[in-house]
Each structure stands twice: as structure tokens, then as C-alpha cells.
Amino acid sequence: MVTTPPRKNKAPNILGDWDDVRFFLAVAKTGSFSAAATQLNTKQTTVGRRIQALERRLGAKLFDRHRHGMEVTPAARGVLMQAESMMSNATSIERHLAGLDREMAGIVRVAATEGLAAQWLVPRLSELRRLHSDIVVQVIVGDQVLDLATRQADLAIRFFRPTSNQLVAARVGQFNMSIFAAPAYIEQYGLPQRLEDLSEHHIVDHTTLHSLPAMKAWTEVVERSSSVVLRTNSSHSAMEAVKASWGLSVFPSYSRKGENLIEAPIDLNITRDIWLVSHEETNKGARIRAVIDYIRERFHQDEREWFSLSQHRPTALVAS
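Heads up: these notes are all about the structure in this document.

The rules behind the values
- Residues numbered from 1 in each chain as written.
- Predicted model: local features only at pLDDT ≥ 70, side-chain atom pairs only at ≥ 80, totals over all residues.
- Heavy atoms only, no water.
- Helix = DSSP H or I, 4+ residues; strand = E, 2+ residues; numbered from the N terminus.
- Contact = heavy atoms within 4.5 Å.
- Areas by Shrake-Rupley, 256 points an atom, 1.4 Å probe, with all protein chains shown as cover.
- Buried < 20%, exposed > 50% of the residue type's maximum accessible area, 1.4 Å probe, protein only.
- Polar contact = N/O pair within 3.5 Å; in protein donor to acceptor, adjacent residues only side chain to side chain.
- Arc of directions from axis to C-beta.
- Salt bridge = Lys/Arg side-chain N within 4 Å of Asp/Glu carboxyl O.
- 1 Å grid on protein atoms, 1.4 Å probe; cavity = no way out; pocket = protein on both sides within 12 Å on 5 of 7 lines; lining within 4 Å.
- Points joined across faces, edges and corners; volume = space filled by probe spheres on them.
- Nonpolar A, V, L, I, M, F, W, Y, C, P; charged D, E, K, R; others polar.
- Phe/Tyr/Trp six-rings, centres within 6.5 Å; stacked < 30°, edge-to-face > 60°.
- Axes fitted to C-alpha atoms, helices over the stretch in contact; angles between N-to-C directions.
- Parallel < 35°, antiparallel > 145°, perpendicular 65-115°, else oblique.
- Left-handed = near helix turned anticlockwise from the far one by under 90°.
- Core = buried A, V, L, I, M, F, W, Y, C linked by side-chain atoms within 4.5 Å.
- Pairing = 2+ DSSP bridges.

Overview of the overall build of the protein chain
Counting secondary structure elements, the protein chain contains 11 helices and 11 strands. Here the analysis covers contacts within the protein chain between residues at least 6 apart in sequence; of these, 77% occur between residues at least 24 apart. Carbon and sulfur atoms make up 51% of the accessible area of the protein chain, which totals about 17900 Å².

Focus on the side chain of aspartate 205
Examined against the element boundaries, aspartate 205 turns out to sit in strand β7 (residues 203–206). Owing to a relative accessible area of 1%, aspartate 205 belongs among the buried residues under this scheme. Within the structure, aspartate 205 has its side chain in polar contact with the side chain of histidine 210 (distance 2.7 Å). Apart from the residues within four sequence positions on either side, aspartate 205 is in contact with His210, Val222, Val228, Leu230, Arg231 and Thr232.

Observations concerning unusual backbone geometry
Although it is not a glycine, asparagine 41 sits at a positive phi angle of roughly 60°. Positive phi is not limited to glycine here, since serine 245 has a value of about 70°. Relative to the helices and strands, serine 245 is located in the loop between α9 (235–243) and β9 (249–252). According to the relative accessible area criterion, serine 245 is partly exposed, its value standing at 22%.

Quick word on α9
One turn of the α-helix equals 3.6 residues, which is why residues spaced by three or four share an orientation. Of the positions making up α9, those classed as buried are Ser235, Ala238, Met239, Ala241 and Val242. The arc that holds the buried residues of α9, viewed along the axis, is 160°, so those residues lie on one side.

Topic: the pattern of salt bridges
For the structure on display, the rule yields 13 salt bridges. In this structure, arginine 194 and aspartate 197 form a salt bridge, with 3.3 Å as the shortest nitrogen-oxygen distance. On the basis of relative accessibility, which here comes to 51%, the residue arginine 194 falls in the exposed class. With its nearest N and O atoms 3.1 Å apart, the salt bridge here joins glutamate 259 to lysine 243. Taken together, the residues glutamate 259 in the loop between α10 (255–258) and β10 (262–263) and lysine 243 in helix α9 connect sequence positions 16 residues apart.

So, the layout of surface pockets
If you add up the space inside the second largest pocket, you get close to 620 Å³. Together, 38 residues line the second largest pocket, and Thr113, Glu114, Gly142, Asp143 and Phe159 are the ones closest to its centre. Elements supplying a minimum of two residues to the lining of the second largest pocket: β3 (106–112), α5 (114–121), β4 (135–141), β5 (155–158), β6 (167–181), α9 and β9. With five residues, the top contributor of residues to the lining of the second largest pocket is α5. When grouped by side-chain class, the residues that make up the lining of the second largest pocket number 21 nonpolar, 11 polar and six charged.

Comments concerning the packing of aromatic side chains
Taken as a whole and judged by the stated rule, the model has 11 aromatic pairs. Relative to phenylalanine 175, the ring of phenylalanine 159 lies with its centre 4.9 Å away and its plane at 70°, an arrangement referred to as edge-to-face. On the criterion of sequence distance, the pair formed by phenylalanine 159 in the loop between β5 and β6 and phenylalanine 175 in strand β6 is long-range, its members being 16 residues apart. The buried category is assigned to phenylalanine 175, whose relative accessible area is 0%.

Here we look at the environment of asparagine 176
Summarising the element assignment, asparagine 176 is placed in strand β6. Residue classification places asparagine 176 among the buried positions, given a relative accessible area of 12%. The spatial distance from the C-alpha of asparagine 176 to the C-alpha of aspartate 267 is 8.6 Å, given a sequence separation of 91 residues.

Considerations on the packing of helix α1 (residues 19–30) against helix α2 (residues 33–40)
With their axes 8 Å apart at the nearest point, α1 and α2 run at an angle of 125° to one another. Considering their axes alone, α1 and α2 lie oblique with respect to each other. As α1 runs across α2, the sense of the crossing is right-handed. Contacts between α1 and α2 involve Arg22, Phe23, Ala26, Val27 and Thr30 from the first element and Phe33, Ala35, Ala36, Gln39 and Leu40 from the second.

As for the nonpolar core
Among the nonpolar cores identified, the biggest contains 46 residues, and Ile157, Trp218, Ile295 and Phe299 are the most heavily contacted of them. Every element with two or more residues in this core is listed here: β3, α5, β5, β6, α7 (183–189), α8 (216–224), β11 (271–279) and α11 (286–306). For this core, the element with the most residues is α11, which contributes eight residues. The contact partners of phenylalanine 299, leaving out residues within four places of it in the chain, are Leu116, Trp120, Ile157, Val172, Ile274 and Phe307. With 21 residues, the next largest nonpolar core counts Ile51, Phe63, Met70 and Ala76 among its residues.

With respect to the pairing of strand β1 (residues 63–66)
Relative to strand β2 (residues 69–72), β1 runs antiparallel, the two sharing four bridges. Across the sheet, histidine 66 pairs through a bridge with glycine 69, a residue of β2. Connecting β1 to the next strand, β2, in antiparallel fashion are two residues.

Put into C-alpha cells, the structure is as follows:
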């Protein structure tokens, strides 16, 4: 009797790896492999390989390439909402577990602006290191607002109060925005005494500030100036240019504490608050709580000297 060998069933379309959802969503949201790689902290080639492997397993094309970037195909569009729901549930679980974490060891991600991180935060972390040597603080620097709900950071130092009910915010200080110049620049061009005097000076433009409504007064100064010598989206680069006597620019008033710069006696009437922000589901974790409490206490210790509007206002420079 001749027997027919059993037919091999075709492998079912399966997701295979939960991590594939992160790659799929990152490309769908950013519109490119390179932007997705930046978001996922990996290489562009890795993103491309993962998407190609996922398409082979599912037997379906997920993205079409257009001139403006990658676009989800009609076939994949139907599962996009489910994938977003999966990611939301996964991050909710992760946040919940982080909130239950009793370990005083591991990484805590702190987001802060360039200037505050370099001038104030990082120099004050040595004592935290001594107290909790197994906690590694990862300082994420930039002006972008990281999503604490998806744990892009565990806590953030921000200059505005968040609106989400899931975010816990404590105001830890205030500062004015002031105009600064290097001594060598002042020796050559003088220190402006009035807002009108700025039209006669070289300007270093920190372009990111113009997106903030509170910075309107400075934006108008830059727009009226005929001598903008440098434009940069980096506060650190702007600071280095001012220190090198390229021109003058605007920085938080606490910059006078750590830099060899002179503050002009011009009140821009720009006041900003400093908020220490965390997520209600993760800020109960032991190591995250330890870092929050430590940073908050350091703000309290330095408030009068660094982050208070009662600080001594600059007065006109008197020639010697």
C-alpha cells in the first residue's frame, strides 16, 4: 500500500517577537528608518532588517516608500491601532513594575536642558554616587520634551508645568533670563545699559528660544538686530561663542554662578519656573524615588543662591 507523506503545513503568520511592535510603530510614527533608529537608540540598518524580517514572517508588505518618507500600507493600517494599544498596555505594565521596584540599583534617566545639566546638575551628583553607589544616573540633555509615560526618561527638570494628570510636578526654583557678555567683549564694545543699546552690539542667537512665547522680548531684539554673528540650536554652543567674545546673548540668570561672564543691567522681564517632574506610576520605585528626593533637596539647598528671584540684580558697570 502506497502511503502519501503528510503535507507540510505552511508556517502560520505570527508576530514572532513582541519587540517587533516597537520597530513597526517607530517607523510608522517617524516616517523613516533613520528617525526610528534615533528614537529606538539603534542603527538604521537594524531597523531595516527588523522590518524586512517582520514582513517576511507575516507575508505582508508593511510600508511603502515615498519621496517624503515611509508610509504604512493599507494592509498594515488596519493593525496600527492594535499595535498602539499593545504598546500602551506594555508601557503601562512597565511603569507599574517600575513603581513596585524596591531595588536600590540600576539606571535612573534624568532629562534636563544643556545649561542646567552642565552648570548645576552634574557637578552635584557626586554625593548621590557616594550615598547610592549602585544607582547609575543617565543624564539626557536637550530641549526636547521626553515622554515620561513611555519611560523615555524617569524624571525631568523642566521650565514649564506639565498638564497631564499622570505627571507629578514640584516647583523647585525660579530664574530670570538675562543678557551676558564676556569681559573681553565688554572691553572692546562696552556693556549695554539699556534695551535700546543692543542694536549696537553683536548678537549670538540661540534659535530654540524663539519657539517659547515667554521669550518674545528677546526674539524682538534678535529680529531688529543687523549684527547677528552666530545662530545655533545649542545653548552650550551659544555659551561657548559668548565666552569667546563673539557677541552677547541671553541665558538663565544662574549662569553667572558658573561662567566668567558679566550680566548686563537690563531687565527683560522674562521669569521662568523650574519644575521637577515624574510619573505617578514610576516615582514610587526605590531608586527613582531616591534620585527625586536627592535632586529636590539639592534644589532646596541652592534655591536662595541659584534659583531665587530675590538674587541681587545687576547694576551698571562702573569703569575703574
